[in-house]
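Now for the letters of each chain:
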Amino acid sequence: GFSAFAGVPDPSAPAASWNLDDTAIVKSSAALEAVPAMPGTAIVVSNPYGDLTVTGGTLVGNTIYDLQPNAVIQLGTVAGSGGAALALHFQGFNIGPGNMLTLRSGAPLQVVVLYNADSSASAIAGVLQAEGGNGALPPYVYFANPNGLAVAPGGSVASTTGLTIDTLGISDLEGQPFVNEGVIDGGAYLRLQSARITGSGAFRGNNVHVSSFGNAN
């Protein structure tokens with residue numbers, strides 16, 4: 001798991017919203033209709049990149065809420081360095097069918113960490129994408145939910161700069177499954193860390209690294 005997440009709720013808590021052991025559920029229309037349209041309230045835990053702006057949502061202080069379909073989180077104009085990252089902790093991270101959340105860079109070498117801080121698994125039936133801005137490449141994206149993640153048919157997560165999907169807990173022997181029935185595209189680099197990786201979806205990356213204490217198929 002990601003070491004910056006000490007003190008968050010118990011990562012061994014069971015997935016509340018999704019049975020990630022059953023890929024048929026992930027594919028079912030009833031399950032897709034139940035996916036919340038957009039992620040819940042987020043706390044900006046760290047932001048080394050300067051002024052953050054949100055289009056299609058509300059940013060007050062260090063809190064982002066009321067994200068609307070096709071919302072854009074625009075990073076500031078300070079270039080990335082070392083292990084610094086924009087870290088957002090969400091109370092529920094889901095994207096429903098037909099909806100999109102875009103993370104847009106404002107300078108080179110930026111990194112965005114998206115962490116689901118409640119006790120539920122995440123479902124992505126829409127699009128989570130990183131996009132370049134101000135002439136910079138898209139930010140690297142690190143998505144973490146120790147309660148599990150399901151990407152449904154038609155759903156996608158993409159950053160051509162690089163992408164990590166992490167459903168492990170505090171230790172490398174804790175966590176929940178990752179089910180992919182959509183498209184996961186890390187472009188230059190894709191890293192998957194999970195208790196188990198299943199599904200018939202596409203995984204794309206020029207350099208792919210997989211870590212699991214279960215199985216990947």
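Residues numbered from 1 in each chain as written. Predicted model: local features only at pLDDT ≥ 70, side-chain atom pairs only at ≥ 80, totals over all residues. Heavy atoms only, no water.

1. Topic: the overall build of the protein chain
Part 1 of the reasoning: Of the regular secondary structure elements, the protein chain holds two helices and 21 strands.
Part 2 of the reasoning: Put simply, the protein chain has 217 residues, and 50% of those count as buried.
Part 3 of the reasoning: Summed over its atoms, the accessible surface of the protein chain is roughly 8800 Å², and 53% of this surface lies on carbon and sulfur atoms. (Helix = DSSP H or I, 4+ residues; strand = E, 2+ residues; numbered from the N terminus. Buried < 20%, exposed > 50% of the residue type's maximum accessible area, 1.4 Å probe, protein only. Areas by Shrake-Rupley, 256 points an atom, 1.4 Å probe, with all protein chains shown as cover.)

2. What about the pattern of salt bridges?
Part 1 of the reasoning: Evaluation of the coordinates by the stated rule reveals one salt bridge.
Part 2 of the reasoning: Among the salt bridges present, the one from R104 reaches E131, with a minimum N-O distance of 2.7 Å. Of this pair, R104 sits in strand β8 (residues 100-104) while E131 sits in strand β11 (residues 127-131), placing them 27 residues apart in sequence.
Part 3 of the reasoning: Classification of E131 as partly exposed rests on a relative accessible area of 28%. (Salt bridge = Lys/Arg side-chain N within 4 Å of Asp/Glu carboxyl O.)

3. Quick look at the sheet that holds β11
Part 1 of the reasoning: Read from one edge to the other, the open sheet built from seven strands follows the order β2-β5-β8-β11-β14-β17-β20, with strand pairing classed as mixed. Here the strands that pair on one side only, and so sit at the sheet edges, are β2 (53-55) and β20 (202-204). The mean angle between the axes of side-by-side strands here comes to 10 degrees, regardless of whether they run parallel or antiparallel.
Part 2 of the reasoning: Of the pairings in the sheet, the one linking β8 to β11 comprises five bridges and is parallel in character. Residue pairing across strands places L103 opposite A130, the latter belonging to β11. (Pairing = 2+ DSSP bridges. Axes fitted to C-alpha atoms, helices over the stretch in contact; angles between N-to-C directions.)

4. Regarding the sheet that holds strand β3 (residues 58-60)
Part 1 of the reasoning: Strand order across the open sheet formed by nine strands is β3-β4-β1-β6-β9-β12-β15-β18-β21, with mixed pairing between neighbours. The open sheet has two free edges, formed respectively by β3 and β21 (208-212), since each of these has just one partner strand. Taking the axes of each pair of neighbouring strands and ignoring which way they run, one obtains an average angle of 15 degrees across the sheet.
Part 2 of the reasoning: Where strand β18 (residues 190-194) lies against β21, five bridges are found, and the strand directions are parallel. Each bridged residue has a counterpart across the sheet, and for S194 the counterpart in β21 is S212.

5. Here's the deal with the side chain of E181
Part 1 of the reasoning: By the secondary structure assignment, E181 is in the loop between β16 (178-180) and β17 (183-185).
Part 2 of the reasoning: When its relative accessible area of 10% is taken as the criterion, E181 is described as buried.
Part 3 of the reasoning: Within polar-contact distance, the side chain of E181 engages the side chain of S200 at 2.5 Å. (Polar contact = N/O pair within 3.5 Å; in protein donor to acceptor, adjacent residues only side chain to side chain.)

6. Section: the environment of M38
Part 1 of the reasoning: Tracing the backbone through its elements, the reader meets M38 in the loop between α2 (29-33) and β1 (42-46).
Part 2 of the reasoning: Overall, M38 belongs to the buried group, its relative accessible area being 8%.
Part 3 of the reasoning: Sequence spacing of M38 and Q68 is 30 residues, and the spatial spacing of their C-alpha atoms is 6.6 Å.
Part 4 of the reasoning: Excluding residues that lie within four positions of it along the chain, M38 makes contacts with L67, Q68, P69, N70, A71, N94, I95, N99, M100 and L101. (Contact = heavy atoms within 4.5 Å.)

7. Looking at the confidence of the model for the protein chain
Part 1 of the reasoning: Looking at the protein chain, pLDDT values average 89 and 85% of them are 70 or higher.
Part 2 of the reasoning: Confidence drops under a pLDDT of 50 for residues 2-18, and excluding neighbours within four residues, the segment shows 37 contacts in the predicted structure. (pLDDT = per-residue confidence, 0-100.)

8. Description of the packing of aromatic side chains
Part 1 of the reasoning: Tallied over the full model, the rule gives three aromatic pairs.
Part 2 of the reasoning: Measuring from centroid to centroid gives 4.9 Å for F90 and F93, while their planes differ by 90 degrees, and the two rings are edge-to-face.
Part 3 of the reasoning: For F90, a relative accessible area of 0% gives the class buried.
Part 4 of the reasoning: Classification of F93 by relative accessible area gives buried; the value is 1%.
Part 5 of the reasoning: Measuring from ring centre to ring centre gives 5.1 Å for F93 and F143, while their planes differ by 70 degrees; the resulting arrangement is edge-to-face. Placement of F93 in the loop between β6 (86-90) and β7 (94-95) and of F143 in strand β12 (residues 140-144) is noted, with a sequence separation of 50 residues between them. Each member of the pair F93 and F143 is classed as buried.
Part 6 of the reasoning: Among the aromatic residues, those joined into a cluster by ring pairs are F90, F93 and F143. (Phe/Tyr/Trp six-rings, centres within 6.5 Å; stacked < 30°, edge-to-face > 60°.)

9. Topic: unusual backbone geometry
Part 1 of the reasoning: At N70, a residue that is not glycine, the phi angle is positive and equals roughly 70 degrees.
Part 2 of the reasoning: Using a relative accessible area of 49% as the deciding quantity, one classes N70 as partly exposed.
Part 3 of the reasoning: Backbone geometry at N134 places phi at a positive 55 degrees, although glycine is not the residue there.
Part 4 of the reasoning: Looking at where N134 falls in the secondary structure, it is placed in the loop between β11 and β12.

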